[in-house]
Amino acid sequence: MTLLSEILEYNNKFVAGKEYEQFETSKVPSMKAVLLTCMDTRLQELSTRALGMKNGDVKVVKNAGAVISHPYGSTMKSLLVGIYALGAEEIIIMGHKDCGMGSIDVDVVLEAMKSRGIRQEVIDTLNYSGIDVNHFLSGFSDVYESVKSNIQTVINHPLFDTNVPVHGLVIDPHTGAVELVYDGYKKEFYK
Ligand SMILES: [Zn+2]
């Protein structure tokens with residue numbers, strides 16, 4: 001049985017048994033916040049449970065590293081839409097210790113691509129056409145600096161309402177303990 005068929009089979013039972021009823025909630029987050037965090041599997045539930053958030057409380061945006069790699073990319077758009085169209089009034093950007101994007105080796109990723117058939121010429125063509133592939137795949141060296149730089153991207157964004165508080169946190173993926181990096185009410189960095 002493949003993963004996909006397992007998922008589809010489970011889903012039939014899930015719907016037939018009305019298991020969805022326990023998840024029914026509104027489109028507007030009751031805590032009126034958007035949380036940007038990492039896609040790390042250890043944070044799948046911990047990222048919200050450790051902050052006292054339950055289903056329906058927040059908009060969660062996840063990607064590799066909890067980063068905003070482009071001011072006009074989909075992550076920034078999600079934050080803006082959360083604020084302007086989906087009832088959020090605050091933003092929380094939460095990186096984590098021991099993040100895969102903090103130790104990612106671009107050369108290893110490129111080698112993995114090549115071993116699966118991506119040709120060097122393709123990578124060269126992208127580089128010539130202005131896409132810096134190394135930069136595109138790169139992570140960060142310090143999670144605190146990464147959170148700070150993401151906060152700067154949001155608060156300096158020309159389409160962002162600066163009255164909206166943006167908070168910065170770093171979570172420990174083992175214990176769920178969070179450290180305050182930036183208090184969006186006081187507009188003060190702590191790390
Ligand atoms: Zn991570």
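Structure: see above.
Here is what the cut-offs are and how they apply
- Residues numbered from 1 in each chain as written.
- Predicted model: local features only at pLDDT ≥ 70, side-chain atom pairs only at ≥ 80, totals over all residues.
- Heavy atoms only, no water.
- Pairing = 2+ DSSP bridges.
- Helix = DSSP H or I, 4+ residues; strand = E, 2+ residues; numbered from the N terminus.
- Core = buried A, V, L, I, M, F, W, Y, C linked by side-chain atoms within 4.5 Å.
- Buried < 20%, exposed > 50% of the residue type's maximum accessible area, 1.4 Å probe, protein only.
- Contact = heavy atoms within 4.5 Å.
- Donors = N, O, S within 2.8 Å, 3.2 Å for Na, K, Ca; no water.
- Patch = residues over 30% accessible without salt bridge, like charges linked within 9 Å, V, L, I, M, F, W, Y side chains within 5 Å.
- Areas by Shrake-Rupley, 256 points an atom, 1.4 Å probe, with all protein chains shown as cover.
- Salt bridge = Lys/Arg side-chain N within 4 Å of Asp/Glu carboxyl O.

**Q** What is the right way to read the sheet that holds strand S4 (residues 166–171) from this model?
**A** Two modes of strand pairing occur in sheets, parallel and antiparallel, and in both the strands are linked by backbone hydrogen bonds. Spatial strand order, S2-S1-S3-S4-S5-S6: six strands in an open sheet with mixed pairing. Only two strands of the sheet have a single partner each, and these edge strands are strand S2 (58–63) and strand S6 (188–189). Pairing between strand S5 (residues 178–183) and S6: two bridges, direction antiparallel. Residue pairing for S6: Tyr182 is matched across the bridge by Phe189.

**Q** What's the story with the nonpolar core in this structure? I'm lost.
**A** Ranked by size, the top nonpolar core spans 37 residues in total, and within it Leu79, Ile91, Ile93 and Val154 carry the most contacts. For this core, the elements supplying multiple residues, two or more each, are strand S1 (33–38), S2, helix H3 (74–85), strand S3 (90–96), helix H7 (143–155), S4 and S5. Ignoring anything within four residues of it in the chain, the contact list for Ile93 reads Leu36, Ala66, Ile68, Val147, Asn150, Ile151, Val154, Val166, His167, Gly168 and Leu169. Core analysis: the next-biggest nonpolar cluster, separate from the first, contains five residues, Val106, Leu110, Ile123 and Leu137 among them.

**Q** Sorry if this is basic, but what is going on with the coordination of the zinc ion here?
**A** For a metal with four donors in a tetrahedral arrangement, the ideal angle between donors is 109.5 degrees, while six donors in an octahedron ideally sit at 90 or 180 degrees. Protein ligation of the zinc ion involves Cys38 (SG), His96 (NE2) and Cys99 (SG), the donor distances falling in the range 2.0 to 2.2 Å. Binding-site remark: the zinc ion is held by donors from one chain whose sequence spacing is C-x57-H-x2-C. Of the two residues, Cys38 is situated in strand S1 and His96 in strand S3; the sequence distance between them amounts to 58 residues. By relative accessible area, which is 4% here, Cys38 ends up buried.

**Q** Sorry, what's going on with a nonpolar patch on the surface here?
**A** Side chains of Ile118, Val122, Leu126, Ile131 and Phe136 sit close together on the surface and give an oily, nonpolar patch of about 430 Å² of accessible area. Structurally, Ile118 is set in the loop between helix H4 (106–115) and helix H5 (120–128).

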